[in-house]
Amino acid sequence: MNMNSIRWMAAIVDRGKGNKAASIFHEHHLEILLAVRGHGTASSAIMDCLGLDEPEKDLVLGIATGTDAHQAMEALKHKMEFDKPGHGIAFSIPLSGISIAASNFLKDWDTSQTQITACAKEDTSMPDSKHYELIATVINTDLSTPVMEAARKAGCHGGTLVKAREIGTDEGKKLFGLTLSQEKAILLILTPVSGKQPILKAICETVLQETGEHAVAFSMPVDEVQGISG
């Protein structure tokens, strides 16, 4: 199987709508589904502008072939109105590797649905990719406000916070010179490629200023996006 044809896909919707998004994922054969609770970070003014009224979010994750991921994107647009402001955001990221156990889910589907998949590929033109990037930053929970404010000043319109916690032994309290605490948050920001560097710089400078330590942040290219204009 061509690794470039496999996508990791995520949908961010208002709390309570995750089950509907997950059912659409299922309909289009996305496997290894996970649902995570998050919190929107857009300011009230931006939320009013975007038509958002619920800061609590559901984050639904899954993997699929590129064709199935694209069709799920289209279904989210039509069934959950992702083409309208404030109804949700979805994106997919091409995977460069996958375990045998995970690939077996996709192999089973591809084998049994070869003809359908082949026809869909002929009818589906994938949009130009790499216009957006996903920035992920691991921060202490008490830094979420200053970090998001810095990102916003650098051009970010909003993000999603996912609560996390450190796992490991007491001996592992430092990683690459970073002091780790149990309570963490992962800040996810979807941005046009042109905005990536200013936002990353603002985040790193803020974390260094607030803690004296360097930020754990990285970005990855996004293959396809729904719910964002521009």
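Note that the structure is predicted; figures quoted are calculated from it, not measured.

Asks: What should I look at first to understand the packing of aromatic side chains in this one?
Replies: Any two aromatic rings considered together are summarised by their centre-to-centre distance and by the angle between their planes. One pass over the structure, following the stated rule, counts one aromatic pair. An angle of 65 degrees between the planes, with centres 6.2 Å apart, marks the rings of Trp-8 and Phe-91 as edge-to-face. Of this pair, Trp-8 sits in strand β1 (residues 6-14) while Phe-91 sits in strand β4 (residues 89-94), placing them 83 residues apart in sequence. Residue class for Phe-91 comes out buried when judged on its relative accessible area of 2%.

Asks: Honestly, helix α3 (residues 66-79) in this entry has me stumped. Any pointers?
Replies: Residues lying three or four places apart along an α-helix face the same way, a consequence of the helix completing one turn every 3.6 residues. End to end, α3 covers 20 Å across 14 residues, agreeing with the expected 20 Å (1.5 Å per residue, within 8%). Within α3, burial applies to Gly-66, Thr-67, Asp-68, Ala-69, His-70, Ala-72, Met-73, Ala-75 and Leu-76. At the exit of α3 stands Glu-81, carrying a positive phi of roughly 55 degrees.

Asks: Can you walk me through the packing of helix α6 (residues 144-153) against helix α7 (residues 193-211) in this structure?
Replies: Axes are the key here: two packed helices are described by the angle between their axes and the distance separating the axes. Orientation of α6 relative to α7, taken along the N-to-C sense of each, is 145 degrees, at an axis distance of 8 Å. Judged by the sense of rotation from one axis to the other, the crossing of α6 with α7 is right-handed. The residues of α7 that touch α6, namely those facing Pro-146, Val-147, Ala-150 and Ala-151, are Ile-199, Ala-202, Ile-203, Thr-206, Val-207 and Glu-210. In the contact of α6 with α7, the residues fall into eight nonpolar, one polar and one charged.

Asks: Would you mind going over the pairing of β1 with me for this structure?
Replies: In the case of a regular strand, side chains alternate between the two sheet surfaces. Burial within β1 is extensive, with eight of its nine residues counted as buried. In this structure, β1 lies alongside strand β3 (residues 56-65), joined through nine bridges in antiparallel fashion. Bridged to Ala-10 within β3 is Leu-61. Inspection of the sheet shows β1 paired to β4 by six bridges, in the antiparallel sense. Residue Ile-12 lies in a different strand from β4, and its bridge partner there is Ile-89.

Asks: So what exactly am I meant to see when it comes to the pattern of salt bridges here?
Replies: Side chains that differ in sign of charge can pair as their charged atoms come close. Within the structure shown, the criterion is met by nine salt bridges. A salt bridge links Asp-14 to Lys-57; its shortest N-O distance comes to 2.6 Å. Taken as a pair, Asp-14 in strand β1 and Lys-57 in strand β3 lie far apart in primary sequence, 43 residues in all. Lys-57 carries the same exposure label as Asp-14, and that label is buried. Between Lys-79 and Glu-27 there is a salt bridge; the shortest N-O distance is 2.7 Å. Here Lys-79 is found in helix α3, whereas its partner Glu-27 is found in helix α1 (residues 18-27), with 52 residues between them in sequence. With relative accessibility at 46%, the residue Lys-79 sits in the partly exposed group. Overlapping salt bridges bring together Arg-15, Glu-56 and Asp-58 as one network.

Asks: Got a minute to help me understand the nonpolar core in this structure?
Replies: The tendency in soluble globular proteins is for nonpolar side chains to be buried as a group. Membership of the largest hydrophobic core comes to 18 residues, with the highest contact counts inside it found for Met-9, Phe-25, Leu-30, Leu-76, Met-80, Phe-82 and Ala-90. Looking at this core, the elements that each hand over two or more residues are β1, α1, β3 and α3. Sort the elements by how many residues they give to this core and α3 lands first, with five residues. Among the nonpolar cores identified, the runner-up in size contains 16 residues, and Leu-161, Ile-199, Ile-203 and Val-207 belong to it.

Cut-offs used in this document
Residues numbered from 1 in each chain as written. Predicted model: local features only at pLDDT ≥ 70, side-chain atom pairs only at ≥ 80, totals over all residues. Heavy atoms only, no water. Phe/Tyr/Trp six-rings, centres within 6.5 Å; stacked < 30°, edge-to-face > 60°. Helix = DSSP H or I, 4+ residues; strand = E, 2+ residues; numbered from the N terminus. Buried < 20%, exposed > 50% of the residue type's maximum accessible area, 1.4 Å probe, protein only. Expected span 1.5 Å × (residues − 1). Axes fitted to C-alpha atoms, helices over the stretch in contact; angles between N-to-C directions. Left-handed = near helix turned anticlockwise from the far one by under 90°. Contact = heavy atoms within 4.5 Å. Nonpolar A, V, L, I, M, F, W, Y, C, P; charged D, E, K, R; others polar. Pairing = 2+ DSSP bridges. Salt bridge = Lys/Arg side-chain N within 4 Å of Asp/Glu carboxyl O. Core = buried A, V, L, I, M, F, W, Y, C linked by side-chain atoms within 4.5 Å.

Just geometry here; none of it tells us what the structure is for.
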